[in-house]
Amino acid sequence: MPDVIYSLAGKRIYVAGHRGMVGSAIVRRLASEGCEILTATRAEVDLRRQEEVEAWMSRNHPDAVFLAAARVGGILANATYPADFLYDNLILQANVIHAAHRADVEKLMFLGSSCIYPKLADQPIVENALLTGSLEPTNEWYAIAKIAGLKLCQAYRKQNGRDFISAMPTNLYGPEDNFDLGSSHVMPALIRKAHEAKIDGQQEICIWGTGTPRREFLHVDDCADACVHLMKTYSAESHVNVGSGEDITILELAHLVSKVVGFKGKIERDLTKPDGTPRKLLSIDKLRTLGWSPKIGLKEGIADAYRSFLDGHYLERGSNEVKSGDLMGRSNIGLERAETSALHA
């Protein structure tokens, strides 16, 4: 186990994006670190407004920052709102990182995404594969913003000696995920579709494409644990992959989710829809070397995510709103949008 080089005990730690899936998981994980957790709602500080961010930082004086705030979504959302995905992510992360520098924040972690890597990168993907090929077109707007955030952290480290680090998580799922069928990622979309098909007595659910692309999944609580571990033990320019080290085909995932949820119908495939990247598996050798390994298995994690969904611990993010989960409610997304939900991360 590597030495702790930055103890969180007694620190004031700001979690930007604390209402999201990753941010809320980090807040839960930090509860056992003996630190003071700082959060701010959008009403208190709009991260897209530089003056508001800098004013909040100067008033609250955080010692460390987890930057988990982001506009996120699947293929459909990225394709529909490319300007929003690029602008919002660029501006909010630049504001937080720059404000952290001006406020003399001791340490900052930027949370990126595995979509930063080339579409056809060698598998499993190592950290130095960044910028060695073309991105997956279906989420390039989000990917470009995340690459910029990573590079901005590196730039402040080079120019100003700031201890700003970056972690690149794989596809995440768990409590407080987005279950809106028009904007969600593959795991919550499958869970919701299988659940609603079960309670409505439907005989089948449909996934996009061939079902052959392979994807890696990590429970968000494992991700939060890895992030806290890195915050305490890692300080270097290179980003670090955070994943499970295992992948599964989308079709296999659909069958596993159906089994956990209790849906016994068929899995149909819409071959007119895109598959996305053929495979996306991160190498987590670097993370393992730093003394961390995942603890939550995929089936166990899906069961936990489903329980959270049943308990209402989720969000629905439409294009203009965010609302808390209501199991008995039904999304007002039309049939066309529901059938074309993005089932590939």
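Values in this document were obtained by computation on a predicted structure and should not be read as measured data. (Residues numbered from 1 in each chain as written. Predicted model: local features only at pLDDT ≥ 70, side-chain atom pairs only at ≥ 80, totals over all residues. Heavy atoms only, no water.)

1. Notes on unusual backbone geometry
Right, on to step 1. A cis amide bond links Gln 123 to the next residue, Pro 124, at an omega of -15 degrees.
Right, on to step 2. By secondary structure assignment, the location of Pro 124 is in the loop between strand E4 (107-111) and helix H5 (140-160).
Right, on to step 3. Positive phi, close to 60 degrees, is recorded for Asp 104, a residue that is not glycine.
Right, on to step 4. One can find Asp 104 in the loop between helix H4 (82-102) and E4.
Right, on to step 5. For Asp 104, a relative accessible area of 53% corresponds to the exposed category. (Helix = DSSP H or I, 4+ residues; strand = E, 2+ residues; numbered from the N terminus. Buried < 20%, exposed > 50% of the residue type's maximum accessible area, 1.4 Å probe, protein only.)

2. Regarding empty space enclosed by the protein
Right, on to step 1. Counted according to the given criterion, the structure contains one cavity of 30 Å³ or more.
Right, on to step 2. Ser 114, Cys 115, Tyr 117, Pro 118, Lys 119, Gln 123, Ile 125, Glu 136, Asn 139, Thr 277, Arg 279 and Lys 280 together form the lining of the largest cavity.
Right, on to step 3. In terms of residue class, the lining of the largest cavity is built from four nonpolar, four polar and four charged. (1 Å grid on protein atoms, 1.4 Å probe; cavity = no way out; pocket = protein on both sides within 12 Å on 5 of 7 lines; lining within 4 Å. Points joined across faces, edges and corners; volume = space filled by probe spheres on them. Nonpolar A, V, L, I, M, F, W, Y, C, P; charged D, E, K, R; others polar.)

3. Some details on helix H1 (residues 21-30)
Along an α-helix, a turn takes 3.6 residues, which lines up residues three or four apart on a common side.
Right, on to step 1. The element H1 is extensively covered by neighbouring structure, given that seven of its 10 residues are classed as buried.
Right, on to step 2. For H1, every residue scored as buried is listed here: Met 21, Val 22, Gly 23, Ser 24, Ala 25, Ile 26 and Leu 30.

4. As for the confidence of the model for the protein
Right, on to step 1. On average, residues of the protein score 90 in pLDDT, and 91% of them reach the 70 mark or higher.
Right, on to step 2. Low pLDDT, under 50, characterises residues 318-345; the stretch is placed with 72 contacts to residues that sit more than four places away or in other chains. (pLDDT = per-residue confidence, 0-100. Contact = heavy atoms within 4.5 Å.)

5. Examining the side chain of Asp 63
Right, on to step 1. Within the secondary structure layout, Asp 63 lies in the loop between helix H2 (50-60) and strand E3 (64-67).
Right, on to step 2. In this structure Asp 63 is buried but unpaired, with Lys 11 as the nearest side chain of opposite charge at 5.4 Å.
Right, on to step 3. For Asp 63, the residues in contact, after removing those within four places along its chain, are Tyr 6, Lys 11, Arg 12, Val 105, Glu 106 and Lys 107. (Lys, Arg positive; Asp, Glu negative; His and termini not counted. Salt bridge = Lys/Arg side-chain N within 4 Å of Asp/Glu carboxyl O.)

6. Describing the packing of aromatic side chains
The geometry of an aromatic ring pair comes down to the distance between the two centres and the angle between the two planes.
Right, on to step 1. Taken as a whole and judged by the stated rule, the model has four aromatic pairs.
Right, on to step 2. Ring centres of Tyr 14 and Trp 56 lie 4.2 Å apart, and the angle between their planes is 40 degrees; on these two criteria the pair is classed as tilted. Separated by 42 residues along the polypeptide, Tyr 14 in strand E1 (residues 12-16) and Trp 56 in helix H2 bring together distant segments of the chain.
Right, on to step 3. The exposure class assigned to Trp 56 is buried, which follows from its relative accessible area of 6%.
Right, on to step 4. Ring plane angle 55 degrees and centroid distance 6.2 Å describe the contact between Tyr 156 and Phe 164, whose orientation is recorded as tilted. Grouping residues by exposure puts Tyr 156 and Phe 164 together as buried.
Right, on to step 5. Directly above the aromatic system of Phe 85 lies the positively charged group of Arg 71, at a separation of 5.9 Å from the ring centroid. (Phe/Tyr/Trp six-rings, centres within 6.5 Å; stacked < 30°, edge-to-face > 60°. Lys NZ or Arg CZ within 6 Å of the ring centre and 35° of its normal.)

7. Considering the pattern of salt bridges
Right, on to step 1. Per the counting criterion, the structure on display carries 20 salt bridges.
Right, on to step 2. Across the pair Asp 221 and Arg 28 runs a salt bridge whose closest N-O atoms are separated by 2.6 Å. Of this pair, Asp 221 sits in helix H7 (residues 220-233) while Arg 28 sits in helix H1, placing them 193 residues apart in sequence.
Right, on to step 3. Through salt bridges with shared partners, a single ionic network connects Arg 29, Glu 33, Asp 225, Lys 232 and Lys 295.

8. Side note on the sheet that holds strand E5 (residues 163-169)
Either a parallel or an antiparallel arrangement is found when strands of a sheet pair, and the pairing is made through backbone hydrogen bonds.
Right, on to step 1. Spatially, six strands are ordered E2-E1-E3-E4-E5-E9 in an open sheet, and the strand pairing comes out parallel. With one partner strand each, in any of the chains shown, strand E2 (36-38) and strand E9 (240-242) form the two edges of the open sheet. Strand-to-strand twist of the sheet, defined as the mean angle between neighbouring strand axes without regard to direction, takes the value 25 degrees.
Right, on to step 2. Across four bridges, E3 lies against E4 in parallel orientation. Opposite Ala 64, over in E4, you have Lys 107 as the bridge partner.
Right, on to step 3. Across the sheet, H2 touches E1, E2 and E3, and the angle it forms with E1 is around 160 degrees. (Pairing = 2+ DSSP bridges. Axes fitted to C-alpha atoms, helices over the stretch in contact; angles between N-to-C directions.)

9. Some points on the packing of helix H8 (residues 250-261) against helix H10 (residues 298-310)
Relative placement of two packed helices is described by the angle separating their axes and the distance separating the axes.
Right, on to step 1. Contact geometry of H8 with H10 gives a least axis separation of 10 Å together with a crossing angle of 55 degrees. Classed by the angle they form, the pair H8 and H10 counts as oblique. Seen from above, H8 lies across H10 with right-handed handedness. Between H8, through Leu 253, Leu 256, Val 257, Lys 259, Val 260 and Val 261, and H10, the contact on the second element is made entirely by Leu 298, Lys 299, Ile 302, Ala 303 and Tyr 306.
Right, on to step 2. Tallied by class, residues from the contact of H8 with H10 come to nine nonpolar, no polar and two charged. (Parallel < 35°, antiparallel > 145°, perpendicular 65-115°, else oblique. Left-handed = near helix turned anticlockwise from the far one by under 90°.)

10. A few points about the nonpolar core
Right, on to step 1. With 39 residues, the main nonpolar core has Tyr 14, Leu 47, Met 57 and Leu 108 as its most contacted residues.
Right, on to step 2. Excluding its chain neighbours within four sequence positions, the residues that come into contact with Met 57 are Tyr 14, Pro 62, Val 65, Val 96, Ala 99, Ala 100, Ala 103 and Val 105.
Right, on to step 3. Counting residues in hydrophobic clusters, the runner-up holds 34 residues, among them Met 21, Val 22, Ala 224 and Val 240. (Core = buried A, V, L, I, M, F, W, Y, C linked by side-chain atoms within 4.5 Å.)

11. Quick notes on the environment of Tyr 87
Right, on to step 1. Relative to the elements of secondary structure, Tyr 87 occurs in helix H4.
Right, on to step 2. The class of Tyr 87 is partly exposed, set by a relative accessible area of 46%.
Right, on to step 3. Through-space distance from the C-alpha of Tyr 87 to that of Thr 39 is 23 Å; in sequence the pair is 48 residues apart.

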